[in-house]
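Understanding the architecture of this molecule
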2 protein chains.
Amino acid sequence: MTEQEYSGKSSLPCRHSVSDDSQVPSCDDQLVHLDNVRQLQLEILPIDEAQRRAELFTVLADPNRLRLLSALANQELCVCDLAAGLKMGESAVSHQLRVLKSMRMVNYRKEGRNVYYSLADSQAIDLYKLICAQFSTALKLHPDILSG
Amino acid sequence: MTEQEYSGKSSLPCRHSVSDDSQVPSCDDQLVHLDNVRQLQLEILPIDEAQRRAELFTVLADPNRLRLLSALANQELCVCDLAAGLKMGESAVSHQLRVLKSMRMVNYRKEGRNVYYSLADSQAIDLYKLICAQFSTALKLHPDILSG
DNA sequence: ACAATATCTGAAAGTATATTCAGATGTATA
DNA sequence: TATACATCTGAATATACTTTCAGATATTGT
């Protein structure tokens, strides 16, 4: 996850063989290599945007957080019911809800001793719902997705 | 990421107050609480499917892997050009390509000393492309997504 | 005020992940 | 064969993440 300038021993251009009419990128000599790399750098997802996208995927990369979101998709729920429903400790649920809250994916509402959480109305949740829809569609077409 | 049965000190049902006509789930007494939890468990994403989805998101949760995928979206590339283009060490690129390969997200083709990688034609990549399309659409609608 | 309850918080422990380094493998070329 | 090169691999290090534990905070009811 570090983004420091790469300065390892292999920063020199490689010089692998290539046919002239090839569609394959080549680095026969330093100039061509540098041109290819510069061209690549224009097309590649910029680091800061890659970082932002990766942060969203990081939040979605935990099965318990996915289950929390799926539980809240139907109704607002308090911490203790979420903990019981997911068979998680209440402290663990609270920690994970804080992660979701920091990404503006859930809202909370205090009522007496309880705190009710619900899906937020945010851009991150919009994207999450779209992804979920894609998952459902893909799963219907290919029930063995990601396992076969 | 452990999925062991929860057996902590707080597994007893909570008993928070509730109004009778409430849409809010209640756990006034043990029976209602258990019913709610059982109902919840029917609606929540099952653990094994949450695990599978989380594994895909885990692969997407690293900025360098997202950048590798974006580079390969346009053309097949060898390890050294990817390393130069992304300013990563070649060993790091190789390690990450192995992760992508294990999820069947990239193919490789050996040509002499070089190994050319390209996006695979797999269900995981289909889903990745759909997610990318959603990202692009959402980003066009909301340029400040995930940061505002 | 006191006890019980629901939630939150921070530290600790265990696990997972990413990169680097050193060296191994396999290929092309002099 | 010997050298250079591209890639891979495994160990080591550093960082990040998840859960648990103990205790803090806040609210309700006696």
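Nothing here was measured: the structure is a model prediction, and the numbers come from that model.

As a further point, take the nonpolar core. Counting residues in hydrophobic clusters, the biggest one holds 73 residues, and the most contacted among them are Met 105 of chain A together with Met 105 of chain B. Mapping this core onto the domain boundaries places at least three of its residues in each of domain 1 (27-61) and domain 2 (62-141) of chain B. Every residue in contact with Met 105 of chain B, bar those within four places of it in the chain, is listed here: Leu 56, Val 59, Leu 60, Leu 69, Leu 100, Ser 118, Leu 119, Ala 120, Ser 122, Ala 124, Ile 125 and Tyr 128 of chain B.

We now examine the packing of helix H3 (residues 63-74) of chain A against helix H2 (residues 47-60) of chain B. For the pair H3 of chain A and H2 of chain B, interaxial distance at closest approach is 8 Å and the crossing angle is 115°. Two packed elements cross with a definite hand, and for H3 of chain A against H2 of chain B that hand is right-handed. Across the interface between the two elements, Pro 63, Leu 66 and Arg 67 of chain A from H3 of chain A touch Ile 47, Ala 50, Gln 51, Arg 53, Ala 54 and Phe 57 of chain B from H2 of chain B.

Time to look at the environment of Ile 131 of chain A. Along the chain, Ile 131 of chain A turns up in helix H6 (residues 123-141). A relative accessible area of 1% means that Ile 131 of chain A is categorised as buried. Among residues more than four places away in sequence, those in contact with Ile 131 of chain A are Phe 57 and Leu 60 of chain A together with Phe 57 and Ile 131 of chain B.

Once that is clear, we can look at the environment of Leu 68 of chain B. Residue and element names in this part refer to chain B. Turning to its location among the elements, Leu 68 is positioned in helix H3 (residues 63-74). Look at Leu 68 and you get buried, because its relative accessible area is 0%. As for Leu 68 and Leu 82, which are separated by 14 residues in sequence, their C-alpha atoms are 7.2 Å apart. Apart from the residues within four sequence positions on either side, Leu 68 is in contact with Leu 82, Leu 86, Val 93, Gln 96 and Leu 100.

A few words now on the sheet that holds strand E2 (residues 106-111) of chain B. Residue and element names in this part refer to chain B. With antiparallel pairing, three strands are arranged side by side in an open sheet as E1-E3-E2. Two strands lie at the open edges of the sheet, namely strand E1 (77-78) and E2, each paired on one side alone. The pairing of E2 with strand E3 (residues 114-119) spans six bridges and is antiparallel. Bridge assignment links Lys 110 to a residue of E3, and that residue is Val 115. Relative to E3, H3 is tilted by about 90°, and along the sheet it contacts E1, E2 and E3.

Moving on to the sheet that holds strand E2 (residues 106-111) of chain A. Each strand in a sheet pairs with its neighbour through backbone hydrogen bonds, running either in the same direction (parallel) or in the opposite one (antiparallel). Residues and elements named next belong to chain A. Taken in spatial order, the three strands make up an open sheet running E1-E3-E2, and their pairing is antiparallel. Of all the strands in the sheet, just strand E1 (77-78) and E2 have a single pairing partner and so form its edges. One ladder, built from two bridges, connects E1 with strand E3 (residues 114-119); its direction is antiparallel. Within E3, the position partnered with Cys 78 by the bridge is Tyr 116.

Here the structure, examined in full by the defined rule, presents six salt bridges over all chains. In this structure, Glu 76 of chain A engages Arg 109 of chain A in a salt bridge whose closest nitrogen and oxygen atoms are separated by 2.4 Å. Highlighted residues: Glu 76 of chain A in the loop between H3 and E1 and Arg 109 of chain A in strand E2, separated in sequence by 33 residues. Accessibility expressed as a relative area gives 31% for Arg 109 of chain A, which makes it partly exposed. Arg 53 of chain B is paired through a salt bridge with Glu 49 of chain B; the nearest N and O atoms lie 2.7 Å apart. Of this pair, Arg 53 of chain B and Glu 49 of chain B both sit in helix H2, separated by four residues, roughly a single helical turn. Shared partners join several salt bridges into a network, and the residues in it are Glu 76, Arg 109 and Glu 111 of chain A.

Calculation criteria
- Residues numbered from 1 in each chain as written.
- Chains lettered and ligands numbered in written order.
- Predicted model: local features only at pLDDT ≥ 70, side-chain atom pairs only at ≥ 80, totals over all residues.
- Heavy atoms only, no water.
- Core = buried A, V, L, I, M, F, W, Y, C linked by side-chain atoms within 4.5 Å.
- Buried < 20%, exposed > 50% of the residue type's maximum accessible area, 1.4 Å probe, protein only.
- Domains from an automatic or database assignment.
- Contact = heavy atoms within 4.5 Å.
- Axes fitted to C-alpha atoms, helices over the stretch in contact; angles between N-to-C directions.
- Helix = DSSP H or I, 4+ residues; strand = E, 2+ residues; numbered from the N terminus.
- Left-handed = near helix turned anticlockwise from the far one by under 90°.
- Pairing = 2+ DSSP bridges.
- Salt bridge = Lys/Arg side-chain N within 4 Å of Asp/Glu carboxyl O.

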